[in-house]
Each structure stands twice: as C-alpha cells, then as structure tokens.
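Examination of the molecular architecture
So you can see what is in the structure, the chains are spelled out below.
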Amino acid sequence: PPPPPGGGPPAVQSGPKPRKMLHWKKVPKGMVQGSVWDSTNRTVAASDITEHSEDLVSLFFEDPKVAKAEERKKKAAAKEGAKKAAHVSLLDLKRANNIAITLSRFKASNEEIKKAILTLDTGILDLEQLQMLLQLLPTADEIKMLKAYKGEHEKLGPSERFLHTMARIPKVEARLQGFIFKQEFNSRKDELKSKVTVVASTAKRVIDSTKFKGVLEITLALGNFMNSGHQLGDAAGFSIESVLMLSGIKAGNKKITLMHYLAALVATKEPQLLDFALDLKGCKEAALIPVDGLKVELRQLNKCCDELEETLLDIAIPKKETKDSSSELSSSTSTFLHIMSEFRSQAREELEEVQAKVDLMEERFKSLAKYFGEDPATFSASDFFGNVNTFIEQFERSVKEMRQMQKDGVNIVGSAPTGGTPDSKK
C-alpha cells in the first residue's frame, strides 16, 4: 500500500544512533493490508512521537561525548582486566581466595603489616588481626615455591605477594605468637587471678562460718534421730552431699519433707542461724570454676613465657647477612627485642604472684577437705561448692514454704502429740 499522506519518518531518525535499538520482528509489507496495522493512522502516531523527540533523544540516544567517554572507560577496564589476568598465580584457588578475603579486613598494605609485626605496632594490628595473620602465614612448601619463582615480584597475584612479604620476616611465626601473647597476657592473667581468688576466699568463708557449722550440727542430730537403731545411726558426721537427701524424704502427707523440718527446727531452736548463707557468698560462682583448669592455664602462661624467651635468644643471635638484610630490619629487630624483653620480665613477676595465690588456694582445699572429714587426694572443690550451693537453695526454699504452711495453720515442729525416738513408737 502507498505510504500514508503527509509525512515520512520522524526527523529524529536522522539524528544519532540510539544507544539501544528496539530489535522487534517487522511484519512483512505484503501482510499489512487487512491487518491491525492497515487501520493504523501512522501520520498521527509519528506526529505524536515527534512532539516528544527531545525527551527521547536525551533519554535513549547517544551523546557523542558520552559515548567516547564510555568507550575510554571500557578500554581502561579491558586493559586493567588484561593486567590482572597477567598476574602469576602460584597458589591453588581456594587458598588464594581465603587469603584475599581475610586481607580485605585489613586497612594496611603488606609492607605496613610487615613493619607493624617487626615493631609491635598495636595501632596497626589488634589482637584479632594478629590471630588472623597467624593462620595466613606461608607454609614450608609455599616458601619453597616462592623462592623457586624467578619472575618479577610485581607480577605475582595479591595473595602471593602477601606471602612473599611475610616470608621475608625472620622468625615471623615466633614473632607473631609472641606479639599475640603480649596482647592477651593481661586479660588472661587477670581472669586467672580473679578465679583463683574467688575459690580460695570462698573456701576460707566456709571454714570460718560458725552459722553453717551450727546448721550442720542440727542436721547431724536430726539424721541420727532418723537412723537410730540402724547401722547408719550414731554417726559422728556425714559427707556434705548427704545433706541434699533431706529434700527427698517426705512425711506421710507427702507435703512436708525432712528439709522442711530442718528449716522449721532451725527457725524454732536457733533462729540466728537462718541467714547462714550470707557467710557462704561465692559458693555458686566457685562451683562453676574448674580448679584443674586454673592450674592448666597457669602452666600454659608459663610455657608461653618460656617460648618467648627462646624466641628472643634466637632473634638476638646475629645471622649471616642476606639480600633481605637492611638497616630497617636491624632497627626493628632491636625494637622488638627491647619491648619483648621488658614484657617477659614483667610477665614472669606477675605469674609468680599468681602462683603464690594458686599455692594458697590448694592449701585451703586441703584444710577444707580435712575440716569436713574428706580425703584431700580425692576431694573435689567444685563438687563441694556445688553441693553447698544446692543445699543453700533447698534450705531457703524450704524456709519460705515452711512459713507459708504456718500461715495456713500447719505447725511443722511440735505437730506430733508425743516425742521419743522411732524405736520407742512400737
């Protein structure tokens, strides 16, 4: 069919090429007649679109200047990609990626990290970063691989360059371990000292408590009454965990336990003993402290001091000059030796103080075991404090329940019409 009257294609088509073409499928001209397109008023449509040509050009048509700038960016990106592709990769992909991911958390360059390790710069490397670096150090095989590489250092991949820098630090692993030990020493030492003090002071409070002793004496009398006429009766004393059995012994009404009766007995006969728990503060905390773990931690801290001393001696011995030797390395080594030597001396003194506290703690354990008729060789302080704490909780709960029973008209002590021992009630 002939073109619609009054126009041709809009003027915008003679302008610059669109940034993105509309790649549609054209209907063959021979198929237009009789189709939906046959009734389309193309002149009106073209006229309407032409009215918006400036908008369309500004939005979808290439600006030659912008196009050239984009082209330059593409070429630069392609060049950079080619440069990256030219990096020499010596590590397997997983190892290289792990190193790259970890290093992305550091703001410092490889050389700045190296200098921070050599000079113990905590402003560059904190404890967490030091621990991460320790996991990234090159293995013996990786060091051999880097030494065998004869190409330019700049052509190595980022992860390989990092390992190459770390490999140039003499005794880098020992230095890092010493650096880490220095960073975490105070917190570890203070925590150890605090726990030892809690356990030792709690042991002394238990021994010194006359109120706790009084409650145990009443408990002994109560237990011997219950066991009279039996081989378990006439006991001179009992293991501390035995006192926890009182809560499981119930009266005929199933509501009152022997622990309730003990609480009522103490309240009636010796009310000044009811707050004996105030003398035993720290039992709950002490029960959660593994005493053997405290001694292990002290041994580990002393071992770290020994290893640091070996590192300092090793670094202090002059080494044969190498191509990596420099005045900067020599100066930083002197700094490392000076700072770490002072730290080691101070750490030794402070650990001796902790050792004295541990010795005192163990002496109090022996006294505690002897005081309660236990074998010091098998005595467990943690179990003992745990049992005392459980007894305190059960006793205090029984006191509250006993008082509620009294409000309800139930008088536990003196509820029986007659006294006597179990044997007399035959």
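Residues numbered from 1 in each chain as written. Predicted model: local features only at pLDDT ≥ 70, side-chain atom pairs only at ≥ 80, totals over all residues. Heavy atoms only, no water.

1. Things to note about the overall build of the protein chain
Put simply, the test is: Strands are runs of DSSP state E lasting at least two residues, helices are runs of H or I lasting at least four, and both sets are numbered from the N terminus onward. Relative accessible area decides the class of each residue, using a 1.4 Å probe on protein chains only: under 20% of the type maximum gives buried, over 50% gives exposed, and in between gives partly exposed. Using a 1.4 Å probe, accessible areas were evaluated by the Shrake-Rupley method; residue-level cover was limited to the displayed protein chains.
Broken down by element type, the protein chain carries 15 helices and zero strands. Buried residues in the protein chain amount to 31% of all 426 residues. Carbon and sulfur atoms make up 55% of the accessible area of the protein chain, which totals about 27,300 Å².

2. Focus: unusual backbone geometry
At L120, a position not held by glycine, the phi torsion is positive, near 60°. For L120, the location among the structural elements is in the loop between α5 (110-119) and α6 (127-136). Although it is not a glycine, K171 sits at a positive phi angle of roughly 50°.

3. Details of the packing of aromatic side chains
Heads up, the rule is: Any two rings among Phe, Tyr and Trp, with Trp reduced to its six-membered ring, count as a pair given centres within 6.5 Å; such a pair is stacked if its planes are under 30 degrees apart, edge-to-face if over 60, and tilted if neither. Counted as over-ring charges are cases with an Arg CZ or a Lys NZ within 6 Å of the ring centre that also lie within 35 degrees of the ring normal.
Counted according to the given criterion, the structure contains 13 aromatic pairs. Here F212 and F276 contribute two aromatic rings whose centre-to-centre distance is 5.8 Å and whose plane-to-plane angle is 10°, an arrangement assigned as stacked. With F212 in helix α10 (residues 210-226) and F276 in the loop between α11 (258-269) and α12 (283-287), the pair connects residues that are 64 residues apart, well separated along the chain. Given the relative accessible area of 1%, F276 is considered buried. Taken together, a centroid distance of 6.0 Å and an interplanar angle of 50° make the contact between F391 and F395 tilted. Placement of both F391 and F395 in helix α15 (residues 381-407) is noted, with a separation of four residues, approximately one turn of the helix. The pair formed by F391 and F395 is uniform in burial state, with each residue classed as buried. Among the aromatic residues, ring-to-ring pairing joins F212, F276, Y371, F372, F379, F384, F385, F391 and F395 into one connected group. Over the ring of F336 we find R175, and its NZ or CZ is 5.0 Å from the ring centre.

4. Looking at the pattern of salt bridges
Test applied: Here a salt bridge means any side-chain nitrogen of Lys or Arg lying within 4 Å of a carboxyl oxygen belonging to Asp or Glu.
Scanning the entire structure with this criterion turns up 17 salt bridges. Between K195 and E191 there is a salt bridge whose closest N-O contact spans 3.2 Å. Highlighted residues: K195 and E191, both in helix α9 (residues 172-208), separated by four residues, approximately one helical turn. Shared partners join several salt bridges into a network, and the residues in it are E184, R188 and E297.

5. Remarks on the packing of α5 against α9
Going by this rule: Between the N-to-C directions of two axes lies an angle of 0 to 180 degrees, each axis being a line fitted to C-alpha atoms and, for a helix, fitted only over the stretch in contact. Note on angle classes: values under 35 degrees are labelled roughly parallel, values over 145 roughly antiparallel, values of 65 to 115 roughly perpendicular, and the remainder oblique. Put simply, a crossing is left-handed when the front helix is turned counterclockwise from the back one by less than a right angle, and right-handed when it is turned clockwise. Throughout, a contact is declared for two residues whenever any of their heavy atoms are within 4.5 Å. Charged means Asp, Glu, Lys or Arg here, nonpolar means Ala, Val, Leu, Ile, Met, Phe, Trp, Tyr, Cys or Pro, and polar covers whatever is left, Gly included.
Running from N to C, α5 and α9 cross one another at 65°; their axes reach a closest spacing of 9 Å. By the angle between their axes, α5 is roughly perpendicular relative to α9. Crossing hand, α5 versus α9: left-handed. Between α5 and α9, the contacting residues are A116, I117 and L118 on the first element and R175, L176 and F179 on the second. Partitioned by chemical class, the residues of the contact of α5 with α9 number five nonpolar, no polar and one charged.

6. Describing the nonpolar core
Inclusion rule: The term nonpolar core refers to a set of buried residues drawn from Ala, Val, Leu, Ile, Met, Phe, Trp, Tyr and Cys, joined through side-chain atoms within 4.5 Å.
Ranked by internal contacts, the top residues of the largest apolar core, which has 93 residues, are F212, F385 and F395. The leading source of residues in this core is α9, at 13 residues. Not counting chain neighbours up to four residues away, the residues in contact with F395 comprise M259, L262, A263, V266, L274 and F276.

7. A few points about the side chain of S398
Mapped onto the secondary structure, S398 falls in helix α15. Residue class for S398 comes out buried when judged on its relative accessible area of 5%. When neighbours within four sequence positions are excluded, S398 is seen to be in contact with M259, H260 and A263.

8. A look at the confidence of the model for the protein chain
Applicable threshold: pLDDT measures the predictor's confidence residue by residue and takes values from 0 up to 100.
Per-chain confidence: the protein chain averages 83 in pLDDT, with 77% of residues scoring 70 or above. Within the model, pLDDT remains below 50 along residues 5-15, and this stretch shows six contacts once partners closer than five positions in the same chain are excluded. pLDDT under 50 marks residues 416-426. Its contacts with residues more than four places away, or in other chains, come to eleven contacts.

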